[in-house]
Amino acid sequence: MSAASKVVIPPNLEAQIDPFLKAMPIENRNVPRIAQLVSLLNSGNSKIRENAATLLAALCFEAPNRDHLRDEGYIGPILSILKDADPAVSRHGTFAAMSLANLDKNKDYIRDNNLLSLYFDALGKPPSPAPPQFIQNLMHGVLLLATNQQNREIIGSNTAYIKSLSSVLLNMSEWDPAIGDKVVNTLVSVSVSKVGRETAMREGGAIAALVAALHKRQDDHDLATKILPALFNLSIIEPNREAIRAAGGLTELSRRVSLPQPQHDNLITLCLRTFTNLSVDKATCAYVATNNLFGEFIKILWSKNDAMINHALSAIQNLLDDDECLESFNRSHAIPPLVRVVGVYSTMPIPQQQAGTPASPIPAILAKAVLLLSELFGLQDAQHEFLELDNNPIGVLLSAYSCPVLDVHKNCTRALANLSQFHDNIRGRLGVSGVIPPIIQQLQQKDREAVRQALRALTNLSLNANNAIIIYKANILDTIIAMCNISDQELRVLATKILVNMTMHEPLRAPLSDKGGMQIALQLMASADDPEVQLQGAKLVTNFALYGKNRKAMTERGFGKVLQEYEQSAVKRASSSPAAALLQTQIETALGNLSFPYEEKYEDKPIELAAAQPSLDQLELEEAMQRELDRRAEEEAAAEEEERLRALMEVEKEKERRRVEEEKAQVEEAKRKLEERRRDDERRKQAEAALRKKREEEEAKRKADEEAQRKALEERKKKEEAEARRRVELERKRVEEERKRKEEEARKAREEKERREREEAARREAERREKEERERKALEERERLQREEEDRKMQEIKEEQKKREQEEKLRKMREDAARRAREAEAQRAKEEADRKAREENERRERERRETEQRAKEERDRRDREEKEREVQRAREEAERKASEERERKEREEAARLEKERLARVAREERERTDREEAARKAREEEEVALRRKEEELALRQQEITRKEAMLKKMKEDEDAARQAAAAEIAAAAAAISAAASGHSGSSVPSPGRARATATSFVNTYQRDKEPITTGADVKARSMTWKAATSPATSPRETEQEKAAKLAKRARISQELISVERGYVRNLSIIIKLFLNPLQSAVNSRKPILPADRIKKIFGIVEVIYNYNSLLLEGLDSRIRRWQENQAAPLLVGDIFIKMCDYMQCYSTYINNYDDATNLLRESKRSNEKFAQFIAKAETDPECRMQELESFLIHPVQQLPRYILLLSDMLRSTPQDHPDLVPLTQAVERMRKLTEFVNEQKRQAEDTAKMAAIQRRIVGKNNNVLAAGRKFIKEGPCQYNSTTMKEKDREQFKDIMYVFLFNDMLVFTTSRTKGSVIGSKTSTEYKWREHLPLSNKTFINAASGGDRAFMVQDTQLGKLYTLTFPSPADRQQWLQKLTMALAALSAKGV
């Protein structure tokens, strides 16, 4: 026999195969039967193919045959059955394919001989209609093949194979677990292959198929547990992530993330792992933000599952790279759970990691939670939500530093840096909470990121004055200064910013300077290759120079020259580098600070007054005498001015008298109204008394009604209690009868059960005996058949003794088959007996269950009846209790109404009493006010009388002073004559007195050479001259008046320093609470406002703050030293003279103020984040409930405020005070500075107006911008000219628009732009012609009546007739044009 004989054919199959093969037309019957069956697979008869396939599939199920078929090469032909077009044939091929794949060697064989395609071709194109179990068997075989690593790689790398598998899932209308689970298991197993994960799974549609399986089996959590790890592996590849999203994977993941905890924790964890990979893409972020999935993630953060929390934090961390997700996460109130995670895990001990065990998740969870907090702290409302928590949130955040992991420390420091970047009150709260020491510890780390975050945090925190002092006391300045010299540019800039911020606080400028701060500033300025570092150095110099001693030291060390050199370098680079332009501006500010004088006061020396005038020689005395005549003329002018002032005083006196009379009339009117109000109060009291009486009557009636209702309720309650007792007695009797009936029924049921058990036992005994008899007969029959079979076999053995040895082996195999058949028959007999026994047992069990069921039903019926009775009793009891409850509530409601009524009556009584008391107090206050007004009128009358007396005395004093001056002049003239002639005598004054007198003349003359601008100046100067020339025994001012002026001057000085201190504080609030946080946020991931808008809104407020800090320092030092030694005079005029040059920068700020406030309002409307920041900053206590706009207007108002205060101080300065002349000059220079600023403002507005007009005019020769040209007026106008064509006159007569400038007229035609409905429209003007204005331009009357006039240019020969809409318009245009021509004529144009 050939080798094919190794294939084992069981007897039962042999009995089928042999007759089948004999009946078939087989050409070669010498081959083994397995080969004959295989050959029949090529038959054209489908029935023959089907039978052959059936027999071959049966042979494949024999375990030994799987090896034999492989060794003899029959696996390929057998698997080709799958390709048969007849579904009945190919169905049997699936059985063979499934059986053959259940052996490891066969798996390798199928792969090595490229037989895998047969499986997948059949899956991809199954016969139609597909036979039962076709796909199921085939998938089982594929699943077995996929358990081999190499097969998985091949399947996973073949897109066609994947498509075949995917099509099974996608074409499944209803889920078949027998097929679907196998397909899923196969796809999951091949998804781990590299090629499959990268391309084939996606291109073959496996991702869509797996997601579809999740959708179809939403409640099958076991299936999801298989699919999700595959999706996690696939989501590592970016194109796969897109495929998962396109297939709806995010929806399925979201659905399972929201499953209840903790029973689905494992499934949720798998979803979170996949989400972590998917969340790195923008599309996932958009999906999460749109569907608000953060709420589900936050629920997970409240759980106690470490793995879930860890993966949830990872997914959120990836999602927060998107700004929209960050906003959505914040809106989900994520701060409390994150703080809870930090608080819980920071207190957990971290277990020691053992070899082969995973690391503890605690550090990772802490690091991620704190990192998410730091991301949220970039949003203002998140900061507020964090700080408003009740469980000491800052302490919780600080507790994370206890974790000995560097990443946790870095993220904590990063969170504190973000938390402190906006609001100063938050910085102060952080400093008080003790965040600075752990941040300082991070500076000692070797990790660059840890150091960077620490520097960021200290940079922000040092903006707060208290924090800056804490940092200074922490003895880390050496470390920060050392970092200013490192090569890392970012760290270097951060370190310098800390120093700059600390020097912004006045108490630290001197200590930091002593620590070498000025040397550091020079080193930073020397960094020519880094403008940012140079800029910080310039800021450092600027801040240091605000302190006087520092200014002196820096001046002595030549800082000014060094800064000028750096400024020249910055100027060269400014055009090409914005950073260089900023550096140039900052250096200019620093130079300005350095140029502010350093006074001796800083060394505690008194201020030295001006030195005495040098002595005069004889010639100067003679010249002074000659100038006396000129002085007298000036004195007469002063007298005239005094007369005019006296007249004005009389007018004021008359006005004051009239005002007093009017106020008396007002007082009388107020008395009359007060009397009327008293009468109204009496009438109101009478009406209220009547109302109270009526209410008392109604109250008595209501109480009587309530008493009657109470009695009726008590009667009804007694009846209900009697009825309830009767019902209880009836129920007790019924329950007793029911108990007796139940006992009788139970006894009968027990007797019936015992009878049935006896009958059942007898029946079972009879059945047992009958069964034993049947088994004995069956055994005898089997033994007989066995003997007959053995006889037959022996006969066959004798006949076959001459056959070959191979037949012997076949005989033995047949004997084994017969033996197995006998055993199978015996087994079948035994199974039949067992089946009958089981049926009998089942019958008995059914009868028993039926009996029990009937008994149970009876018990249930009785229980139901009992429950119904109990429910009825409970319902009645509930009704009784409800009735009692209603009565109780009615009583409570009545009591409540009574209480409310009494409270209302009491409240009304209190209100009435309060009204009466308020009216009484108002009357008393009015009476007091009237009395006070009468007293004020009397005092004012006395003041008028006192002023009249004072004017009279002043005139008398002036007459006496003139007489004394004349006598003094005569004496001086005599002295001069004597000195000139060389005579000496007793009548000649001493040389010292003559020289002093002459000196006073010269001083007076020098003052009188200055132009006299106002009557007050004339009066002040004449009085000064008189004081200088008057003898000591006759002073111009009395000592009392001088003391009064000095006292008032002291009060004004206090007001001046208070105003300046408040002004500087307001500027610092703008910088500290608004400007600095906005600038800090510019470099963040999502700035609050762009840098250019910040610059436009706040302008040069920092420069103004810098210069006014200098002014405040000078004033404060002067006033404090004067308070210590009030014998010395208080001088402030020279300080303001010095500051006038610095204050010209106000022009830039004021010119930009309108645009800044408009931009501020527009930004608040359009930028919600900016509006929230401003609103929050304005709630800071330092703002004192003021808005940002109220702070920004302070610089606009400050210059006029200086003029008012200095003018008041000047009026209160005695005539012999050393500060009189400097203060006068300061007032004058302040006025000129204000005029300069106002002029610059007007010029800026004119320039803006001209630019706006330039943009509106189009066409040729449309340039209206020129030096010195100013806009005057514009408006509609009809006009004709000698140069206009006839067709143009008719065309333009109704649509002309004229612009008047100071040197020309421009004629245009107007048209409207933007014709689309709903769009904005604007008007533009097309240039037609213009008329230059000169002294050759004239205005003449026109024939158009009172609405027209003519303009003629004789030089150009042009004549224009202008007609306006109304006579008023004509008059306005005529006036403006005439003024423009007059101005040109005055200039000679």
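Residues numbered from 1 in each chain as written. Predicted model: local features only at pLDDT ≥ 70, side-chain atom pairs only at ≥ 80, totals over all residues. Heavy atoms only, no water.

Regarding the overall build of the protein
Item 1. Secondary structure summary: the protein contains 55 helices and 9 strands in total.
Item 2. Burial status across the protein gives 42% buried among its 1389 residues.
Item 3. A separation of at least 24 residues holds for 72% of the contacts in the protein among residues at least 6 apart in sequence.
Item 4. Accessible surface for the protein amounts to roughly 74800 Å². Of this, 51% is attributable to carbon and sulfur atoms. (Helix = DSSP H or I, 4+ residues; strand = E, 2+ residues; numbered from the N terminus. Buried < 20%, exposed > 50% of the residue type's maximum accessible area, 1.4 Å probe, protein only. Contact = heavy atoms within 4.5 Å. Areas by Shrake-Rupley, 256 points an atom, 1.4 Å probe, with all protein chains shown as cover.)

Observations concerning the packing of helix α49 (residues 1146–1166) against helix α50 (residues 1168–1178)
Item 1. Axis separation between α49 and α50 bottoms out at 5 Å; the angle between their running directions is 110°. By the angle class used here, α49 and α50 are roughly perpendicular. On α50, the residues touching L1160, S1163, K1164 and S1166 of α49 are E1168, F1170, A1171 and I1174. (Axes fitted to C-alpha atoms, helices over the stretch in contact; angles between N-to-C directions. Parallel < 35°, antiparallel > 145°, perpendicular 65-115°, else oblique.)

Thoughts on the packing of aromatic side chains
Item 1. Counting across every chain of the model gives 13 aromatic pairs.
Item 2. Each member of the aromatic cluster is reached from another via a ring pair, and the members are F294, F297 and F329.
Item 3. Against the face of F232 rests R273, its NZ or CZ located 3.8 Å from the ring centre. (Phe/Tyr/Trp six-rings, centres within 6.5 Å; stacked < 30°, edge-to-face > 60°. Lys NZ or Arg CZ within 6 Å of the ring centre and 35° of its normal.)

Quick look at the environment of F1098
Item 1. Examined against the element boundaries, F1098 turns out to sit in helix α46 (residues 1091–1098).
Item 2. The exposure class of F1098 is buried, given its relative accessible area of 1%.
Item 3. Residues F1098 and N1152, spaced 54 residues apart in sequence, show a C-alpha to C-alpha distance of 9.1 Å.
Item 4. Apart from the residues lying within four places of it in its own chain, the contact partners of F1098 are I1070, F1074, L1075, L1078, Y1149, L1188 and L1192.

Structural notes on helix α39 (residues 578–595)
Item 1. For α39, with 18 residues, the first-to-last C-alpha span of 26 Å sits near the 26 Å given by 1.5 Å per residue.
Item 2. Buried within α39 we find A580, L583, Q584, Q586, I587, T589, A590, L591, G592, N593 and L594. (Expected span 1.5 Å × (residues − 1).)

Here we look at the nonpolar core
Item 1. Counting residues in each nonpolar core, the largest one holds 200 residues, and the members touching the most others are Y119 and L338.
Item 2. The element best represented in this core is helix α24 (residues 362–376), accounting for 9 residues. (Core = buried A, V, L, I, M, F, W, Y, C linked by side-chain atoms within 4.5 Å.)

What about the pattern of salt bridges?
Item 1. Overall, the coordinates contain 73 salt bridges when judged by the stated rule.
Item 2. Here R241 ties to D281 by a salt bridge, and the two come within 2.8 Å at their closest N and O atoms. On the criterion of sequence distance, the pair formed by R241 in helix α16 (residues 238–246) and D281 in the loop between α18 (265–278) and α19 (282–291) is long-range, its members being 40 residues apart. Here R241 matches D281 in class, with each residue buried.
Item 3. R888 is the partner of E892 in a salt bridge, and the nearest nitrogen-oxygen pair spans 2.2 Å. With E892 and R888 both in helix α42 (residues 805–981) and 4 residues apart, this pair spans about one turn of that helix.
Item 4. In this structure, a network of salt bridges that share partners links the residues E738, R741, E745, E858, R861, R862, E865, E866, R869 and R873. (Salt bridge = Lys/Arg side-chain N within 4 Å of Asp/Glu carboxyl O.)

Observations concerning the confidence of the model for the protein
Item 1. In this model, the protein carries an average pLDDT of 77, and 82% of its residues clear a pLDDT of 70 or more.
Item 2. Below pLDDT 50 for its whole length, residues 975–1035 participates in 67 contacts with residues either more than four positions away or in separate chains.
Item 3. When the criterion is pLDDT under 50, residues 1315–1319 qualifies, and its contacts beyond four places in sequence or with other chains add up to 1 contact. (pLDDT = per-residue confidence, 0-100.)

Section: the pairing of strand β4 (residues 1296–1301)
Item 1. In terms of burial, β4 is largely enclosed, as 6 of its 6 residues are buried.
Item 2. In β4, alternate side chains face the same way, and those of M1296, V1298 and L1300 on one face and Y1297, F1299 and F1301 on the other are all buried.
Item 3. The pairing of strand β2 (residues 1271–1276) with β4 spans 5 bridges and is antiparallel. Its bridge partner lying in β4, G1275 is registered against V1298. (Pairing = 2+ DSSP bridges.)

Here we look at the side chain of H1217
Item 1. For H1217, the position within the fold is in the loop between α52 (1194–1211) and α53 (1220–1256).
Item 2. Judged by relative accessible area, H1217 falls into the buried class, the value being 11%.
Item 3. At 3.0 Å, the side chain of H1217 and the backbone nitrogen of D1219 are in polar contact.
Item 4. Among residues more than four places away in sequence, those in contact with H1217 are L1046, R1049, P1129, L1130 and L1131. (Polar contact = N/O pair within 3.5 Å; in protein donor to acceptor, adjacent residues only side chain to side chain.)

Here's the deal with unusual backbone geometry
Item 1. A positive phi angle is found at N114, which is not glycine, with a value near 55°.
Item 2. Unlike most non-glycine residues, N475 shows phi in positive territory, near 60°.
Item 3. Looking at where N475 falls in the secondary structure, it is placed in the loop between α31 (465–473) and α32 (477–483).

Digging into the pairing of strand β8 (residues 1348–1353)
Within a regular beta strand, the side chains point alternately toward one face of the sheet and then the other, so they alternate between its two faces.
Item 1. Counting buried residues in β8 gives 5 out of 6 residues, a clear majority hidden from the surface.
Item 2. Where β8 hands over to strand β9 (residues 1358–1363), the hairpin turn is made up of 4 residues, of which G1357 adopts a positive phi near 70°.

Remarks on the environment of I48
Item 1. Its place among the elements puts I48 in helix α3 (residues 46–60).
Item 2. For I48, a relative accessible area of 15% translates into the label buried.
Item 3. Taking the C-alpha atoms as reference points, I48 and M24, 24 residues apart in sequence, are found 8.3 Å from one another.
Item 4. In this view, I48 contacts F20, M24, L40 and S43; residues no more than four positions away in its chain are not counted.

Overview of the environment of D1208
Item 1. Structurally, the position occupied by D1208 is in helix α52.
Item 2. Judged by its relative accessible area of 30%, D1208 falls in the partly exposed class.
Item 3. Expressed as a C-alpha distance, the spacing of D1208 and R1049, which sit 159 residues apart in the sequence, is 8.1 Å.

Digging into the packing of helix α45 (residues 1039–1082) against α50
Item 1. Viewed as axis vectors pointing N to C, α45 and α50 meet at an angle of 145°, and their least axial separation amounts to 10 Å. Relative to α50, the crossing made by α45 is right-handed. Contacts between α45 and α50 involve L1073, F1074, P1077 and L1078 on the former and, on the latter, F1170, F1173, I1174, A1177 and E1178.
Item 2. Partitioning the contact of α45 with α50 into residue classes produces 8 nonpolar, no polar and 1 charged. (Left-handed = near helix turned anticlockwise from the far one by under 90°. Nonpolar A, V, L, I, M, F, W, Y, C, P; charged D, E, K, R; others polar.)

Quick word on the side chain of R256
Item 1. By the secondary structure assignment, R256 is in helix α17 (residues 249–257).
Item 2. For R256, the side chain forms a polar contact with the main-chain oxygen of R217, separated by 3.5 Å.
Item 3. What R256 contacts, discounting residues up to four positions off in sequence, is L214, R217, Q218, A224, L267, I268 and C271.

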